[in-house]
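So the chains spell out like this:
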Amino acid sequence: FREQPIFSTRAHVFQIDPNTKKNWVPTSKHAVTVSYFYDSTRNVYRIISLDGSKAIINSTITPNMTFTKTSQKFGQWADSRANTVYGLGFSSEHHLSKFAEKFQEFKEAARLAKEKSQEKMELTSTPSQESAGGDIQSPLMPESINGTDDERATPEVTQNSEPRAEPTQNALPFTHSSTISKHWEAELATLKGNNAKLTAALLESTANVKQWKQQLAAYQEEAERLHKRVTELECVSSQANAVHTHKTELNQTIQELESTLKKKEEEIERLKQEIDNARELQEQRDSLTQKLQEVEIRNKDLEGQLSDLEQRLEKSQNEQEAFRNNLKTLLEILDGKIFELTELRDNLAKLIECS
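Here the residue index of a chain counts from 1 through its sequence in written order. The predicted origin of the model limits local features to residues at a pLDDT of at least 70 and limits the giving and counting of side-chain atom pairs to 80 or more, whereas totals for whole chains, interfaces and linings rest on all residues. Heavy atoms throughout the structure, all of them, feed into the side-chain values; hydrogens and water do not.

It is worth spelling out the packing of aromatic side chains at this point. When the centres of two rings from Phe, Tyr and Trp lie within 6.5 Å, Trp using its six-membered ring, the rings pair. Their planes under 30 degrees apart give stacked, over 60 give edge-to-face, and anything left gives tilted. Counted under the stated rule, the structure contains 14 aromatic pairs. A ring pair is formed by Phe67 and Trp77, whose centres lie 6.1 Å apart and whose planes are at 35°; its orientation type is tilted. In this pair, Phe67 is assigned in the loop between β5 (54-60) and β6 (68-69) and Trp77 in strand β7 (residues 74-79), connecting sequence segments 10 residues apart. Both residues of the pair, Phe67 and Trp77, count as buried. Three or more aromatic residues joined by ring pairs form one cluster here, namely Phe7, Tyr36, Tyr38, Tyr45, Phe67, Trp77, Tyr86, Phe90, Phe99, Phe103 and Phe106. Where helices and strands are cited, they refer to DSSP runs of H or I of at least four residues and of E of at least two residues respectively, numbered from the N terminus. With a 1.4 Å probe rolled over the protein chains alone, any residue whose accessible area is under 20% of its type maximum counts as buried; one over 50% counts as exposed, and the rest are partly exposed.

What follows is about the pairing of strand β8 (residues 84-89). Burial within β8 is extensive, with 5 of its 6 residues counted as buried. As judged from the 4 bridges shared by strand β1 (residues 3-16) and β8, these two strands associate in the antiparallel manner. Bridged to His12 within β8 is Gly89. DSSP calls a pair of strands paired once it identifies at least 2 bridges connecting them. Here β7 runs beside β8; their pairing, made up of 6 bridges, is antiparallel.

Turning to the confidence of the model for the chain, a few remarks are in order. pLDDT runs from 0 to 100 and stands for how confident the predictor is about each residue. Residues of the chain with pLDDT of at least 70 account for 66%, and the chain-wide mean is 76. Any two residues having at least one pair of non-hydrogen atoms within 4.5 Å are treated as being in contact. A low-confidence stretch, residues 126-177 stays under pLDDT 50, and its non-local contacts, those more than four residues away or across chains, total 84 contacts.

In terms of burial, strand β4 (residues 44-51) is largely enclosed, as 7 of its 8 residues are buried. Note: strand β3 (residues 32-39) against β4, 6 bridges, orientation antiparallel. Bridging from a neighbouring strand, Val34 pairs with Ser49 of β4. A loop of 4 residues connects β3 with β4, the two strands running antiparallel in sequence, and Asn43 in this loop sits at a positive phi of about 55°.

Looking now at the nonpolar core. What makes a nonpolar core is a set of buried Ala, Val, Leu, Ile, Met, Phe, Trp, Tyr and Cys residues whose side-chain atoms join them at distances within 4.5 Å. Core analysis: the biggest nonpolar cluster contains 22 residues, and Tyr36, Ile47, Ile57, Trp77, Leu88 and Phe99 have the highest contact counts within it. Put simply, the parts of the chain that give this core at least two residues each are β1, β3, β4, β5, β8 and α1 (93-123). Top element by residues in this core is α1. It accounts for 5 residues. Not counting the four nearest positions on each side in its chain, Ile47 is found in contact with Val34, Ser35, Tyr36, Ile57, Asn58, Ser59, Ile61, Trp77, Phe99 and Phe103.

For this analysis, a salt bridge means a side-chain nitrogen from Lys or Arg found within 4 Å of a carboxyl oxygen belonging to Asp or Glu. Applying the stated criterion across every chain yields a total of 8 salt bridges. The partner of Lys102 in a salt bridge is Glu105, with the nearest N and O atoms 3.9 Å apart. Remark: Glu105 and Lys102 occur in helix α1; sequence separation between them is 3 residues, near one turn of the helix. With relative accessibility at 44%, the residue Glu105 sits in the partly exposed group. Notably, a salt bridge pairs Glu267 with Arg270, separated by 2.1 Å at the nearest N-O pair. Within this pair, Glu267 and its partner Arg270 are both found in helix α8 (residues 240-354), separated by 3 residues, close to a single helical turn. What you see here is one network of salt bridges that share partners, running through Glu108, Arg111 and Glu115.

Structure follows, in structure tokens:
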């Protein structure tokens, strides 16, 4: 294509309400690609944006246009040819500043191109050129793609043909007029040849427009959603100061809410950890309860065994007591027998001594 994109960005696109001339009407549901295009054959800069296959911006940059920043993220410009005002909402102030710089740069380039074109028209205003003036214009793209009827009135200047610093008509000697006429007739023949080439390129580019749109749409991607209230505030250009104040307050509120949300999320994380710890403690408690039940059952078994042992011990003690009593009785009997034996011994000893 003869028109090539030279700078692209993404923004929400708006147009002024044709009825009220105050309110903004969004022309895209989400952020779309907005591009500067340059037509090298006509030396024209345009701003184009597509939403799917629909052109929502088709604005040719002219020297009398002005891009105005109405807020930190919103800018607008008026297009008298399209009889509308375009507005762009950007995701950051940096993107807005970059777009405004490019607008001023290409506006200046359009002014220089217009001055050069006017100088060229003044040099080509000879009778022979005026008679063939309708043939030196190259065919243009349809208005929906390459501009308006006012642009079509601009003479075609090829890249290979450089403007020559010719004197004005009043300063030309009359003897050189035929030479100049032949020169411009040769120039006209060259332009006609270029015209035929451009016609063939036009047919080829028109056939590929649909494919080009599909390729362009393929590069479009979904972007982050802007807060609805912020977008509405940015769209009210008639109350820019109030919008800025409201937007600042809303941004502060959003920051506070985000801070609160962050604290809540931290609190939720802390509660989740506490819940996890509580679950672990509950599991440990259940485990300990089960172990405690097992210990209680075992304790009951041991208590039963202890009671049995106590009964056996008591029985054993009773038996030992009875045994002791029997031993005491035996000792008393034994003591009596020993005493009797002692007396018997003494008596025997006396008998022995007496005999």
